[in-house]
Amino acid sequence: MKAIEFQDVSFSYNSEEVLSDLNLEIGRGEFVAILGPNGAGKSTMLKLTLGLLRPKKGTVKVLGFNAYEERDKFVDKVGYLPQREDIHLEAPLTISQVVKLPMLARGKKIGEENVRKALKIVGLENISDKLFSELSGGQQQKVLLARALLSDPEILLLDEPFNGVDVISQEKIVEVLAEMSSRGKTVVAVVHNINPLLHNIDRVVLLNRRIVAAGKPNEVFSEENIVKAYGTSIPVVVCEEGYTHPLYGDYHG
Amino acid sequence: MDELILRALIASLLISLNASVAGTLTVFRRASFLVAGSAHSALAGVALALFLNSIGIDAHYFLFALIAALFFAFLSAKAARRGDVNVGIATAFSLSMALAAIFISLTRNSASNAWQFLFGDILLLTVDDFAIVTISTVFVLLAVSFFYHKFLFISFDPSGAEAMCLNVYLYDFLLIALISVSVVTALKAVGAILVFSIFIAPSSTARILGRSLSSVFVISFILALSSLYLGLVTSFFFSIPSGAVAAAIASLVYFAISWKK
Ligand SMILES: Nc1ncnc2c1ncn2[C@@H]1O[C@H](COP(=O)(O)OP(=O)(O)OP(=O)(O)O)[C@@H](O)[C@H]1O
Ligand SMILES: [Mg+2]
């Protein structure tokens, strides 16, 4: 059984189709990056996977379950890191409160030990009483990652985990994700800059309303595919380990 | 001590609890305009009740205010679902003010009655009013403590909450409904126009000052209560409306603090 399957999936919020005819299988333990310009439908693809949106056509399956109709069957096995713009900082929550909140909201007990463990993975165990709103962007992102890790999920979905994150924190996050993937967890990360992940991922999906290309990074980053996805060509270099790096700093916004 | 004064002192305490809990959750959910909206639609309900009373039909103001405010909550939650919260709230707001004006103008000898609901008078609470305030305060506190973490999670991270299978729409509606109950509870004592300052100003001030969830609740409670008590004292010595003084103090404290920060 695949971890995630898109079968002929199309989706539109209103009349205009945002995603068309997606076909994609992500195996268990795969580490996949989704890449594409603003408005390509990357976040929408994650939301379809979470079962938050109903496909207009086709089926999305997660661990064999219909994502939209049976999402309560797999929700505990999926960790999700939302795009940070969706987080509101009005309430003065501490780091450990942020990590615990999803569990508390669902009426589940959590051991302090698990919270400490999750925070240790991202290297923030010593400041768990600090206010989330007073952290840097990168630290906030790591807290949200710890929160997604708390229930030791089978599948990890991340929406722009590097947004506003410095290089050191980026490396830490990549290290955690690679660790997860080596333990057989499925990791899907939406990113604007593939380079921090390039050496660790199994596959990259180039998305622009449809799947332009999917496969090993070296196969995907051809001139032709990049122009199809971004509408303009982007120089690539091959590093000494033989990976094709697109040379761009495509930041969000 | 005069019974009316004693009642006013205890009612202030209960209303401050409402203001702290409902106000703070409103501020966390970034929906402070909701309080003004539900207060004004409650006023339309009150005006209808007063009108019905004037033509000899029995109608309790609290019930009508509650129904009007809940209806407003329902409209706002629906509007929030589609993403145009402000338009929805503002339109429902002016609709209810229009209705209130129409009912008040239809009601004979309405001026003084309507005045109390506009600006409130905590020194005029009847035993009935007092019982209503007590019961609904207990109800609101119990309900909020039951759903507390859900409300917090949805305020912090609505998409994460949705991803976790929480029914965000349902809990948003519940939150708005509880806020409406709280607002209606304070309506006769504080007044539809001033309720905003007693609910939102102390909580917003507390959010600036507080460095933990509990401190925000405690600070907003203390601010609301001291404003109400100072209002009472002032009205006792100078015979000016206590609600207006309390609202002015709460608002000025907010401006002073947000200015400094
Ligand atoms: N709730 C919504 N209602 C209507 N249209 C939407 C909604 N969310 C997204 N869209 C539209 O769908 C398209 C895809 O949006 P999506 O957020 O999936 O893009 P994305 O690839 O994640 O972009 P970004 O890189 O900016 O995060 C965009 O054109 C966007 O305007
Ligand atoms: Mg996105």
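Figured I'd write up the structure that's included with this text. Treat the numbers as computed from the prediction; the structure is a model and nothing was measured. (Residues numbered from 1 in each chain as written. Chains lettered and ligands numbered in written order. Predicted model: local features only at pLDDT ≥ 70, side-chain atom pairs only at ≥ 80, totals over all residues. Heavy atoms only, no water.)

**Overview of the site of ligand 1**
All names here are of chain A.
Inference 1: Lining the immediate environment of ligand 1, one finds 15 residues, of which N38, G39, K42, S43 and T44 sit closest.
Inference 2: Between ligand 1 and N38, the relevant distance is 2.9 Å, taken from an oxygen atom to a side-chain nitrogen or oxygen of the residue.
Inference 3: At a separation of 3.0 Å, an oxygen atom of ligand 1 approaches a polar side-chain atom of H192.
Inference 4: Look at ligand 1: alone it shows 640 Å² of surface, and the protein chains cover 63% of it.
Inference 5: Considering each element in turn, the shell around ligand 1 owes the most residues, three residues, to helix α1 (residues 42-49). (Near = heavy atom within 4 Å. Polar contact = N/O pair within 3.5 Å; in protein donor to acceptor, adjacent residues only side chain to side chain. Areas by Shrake-Rupley, 256 points an atom, 1.4 Å probe, with all protein chains shown as cover. Helix = DSSP H or I, 4+ residues; strand = E, 2+ residues; numbered from the N terminus.)

**Some words on the pattern of salt bridges**
Inference 1: A full pass over the atoms with the stated rule returns 19 salt bridges over all chains.
Inference 2: Each member of the salt-bridge network shares a partner with another, and the members are D152, E154, E179, R183 and K185 of chain A. (Salt bridge = Lys/Arg side-chain N within 4 Å of Asp/Glu carboxyl O.)

**Points about unusual backbone geometry**
Most of the time, phi is negative for any residue but glycine, and the peptide bond is trans.
Inference 1: For D21 of chain A, which is not a glycine, the phi torsion comes out positive at approximately 50 degrees.
Inference 2: Judged by its relative accessible area of 41%, D21 of chain A falls in the partly exposed class. (Buried < 20%, exposed > 50% of the residue type's maximum accessible area, 1.4 Å probe, protein only.)

**Examining the sheet that holds strand β5 (residues 65-66) of chain A**
Residue and element names in this part refer to chain A.
Inference 1: Read across the open sheet, the four strands follow the order β2-β1-β4-β5; overall the sheet is antiparallel. Looking at which strands have only one partner, the edges of the open sheet turn out to be β2 (17-26) and β5.
Inference 2: Pairing of strand β1 (residues 4-12) with strand β4 (residues 57-62), which is carried by five bridges, proceeds in the antiparallel orientation. When the bridges of β4 are listed, S10 appears paired with K57.
Inference 3: The strands touched by α1 are β1, β2 and β4; relative to β1, the strand with the most contacts, the crossing angle is about 120 degrees. (Pairing = 2+ DSSP bridges. Contact = heavy atoms within 4.5 Å. Axes fitted to C-alpha atoms, helices over the stretch in contact; angles between N-to-C directions.)

**Observations regarding the nonpolar core**
Inference 1: With 129 residues, the main nonpolar core has L145, L156, L177, I194 and L197 of chain A together with F199 of chain B as its most contacted residues.
Inference 2: Ignoring sequence-local partners within four residues, the contact set of F199 of chain B consists of N18, A19, A22, G23, V35, S182, V183 and A186 of chain B.
Inference 3: Counting residues in each nonpolar core, the second largest holds 32 residues, with F6, F11, I26 and I34 of chain A among its members. (Core = buried A, V, L, I, M, F, W, Y, C linked by side-chain atoms within 4.5 Å.)

**Here we look at the interface of chain B and chain A**
Inference 1: With 24 residues of chain B in contact, the opposing surface of chain A contributes 27 residues.
Inference 2: Summed over both sides, the interface between chain B and chain A buries roughly 2,400 Å², with carbon and sulfur atoms accounting for 66% of that surface.
Inference 3: Ranking the residues of chain B by area buried against chain A places F156, M164 and R211 of chain B at the top, with a combined share of 29%.
Inference 4: Our enumeration of links across chain B and chain A arrives at two salt bridges.
Inference 5: Put simply, chain B and chain A have nine residue pairs in polar contact (both at pLDDT 80 or more) between them.
Inference 6: When contributions to the side of chain B that touches chain A are tallied by element, the ones reaching two or more residues are α1 (3-28), α6 (127-156), α7 (158-163) and α10 (213-238) of chain B.
Inference 7: Broken down by element, the side of chain B that touches chain A gets its largest block of residues, six residues, from α6 of chain B.
Inference 8: Residues belonging to the side of chain B that touches chain A are distributed by class as follows: 12 nonpolar, six polar and six charged. (Buried area = accessible area lost by both parts, 1.4 Å probe. Nonpolar A, V, L, I, M, F, W, Y, C, P; charged D, E, K, R; others polar.)

The values are spatial; any link to function lies outside them.
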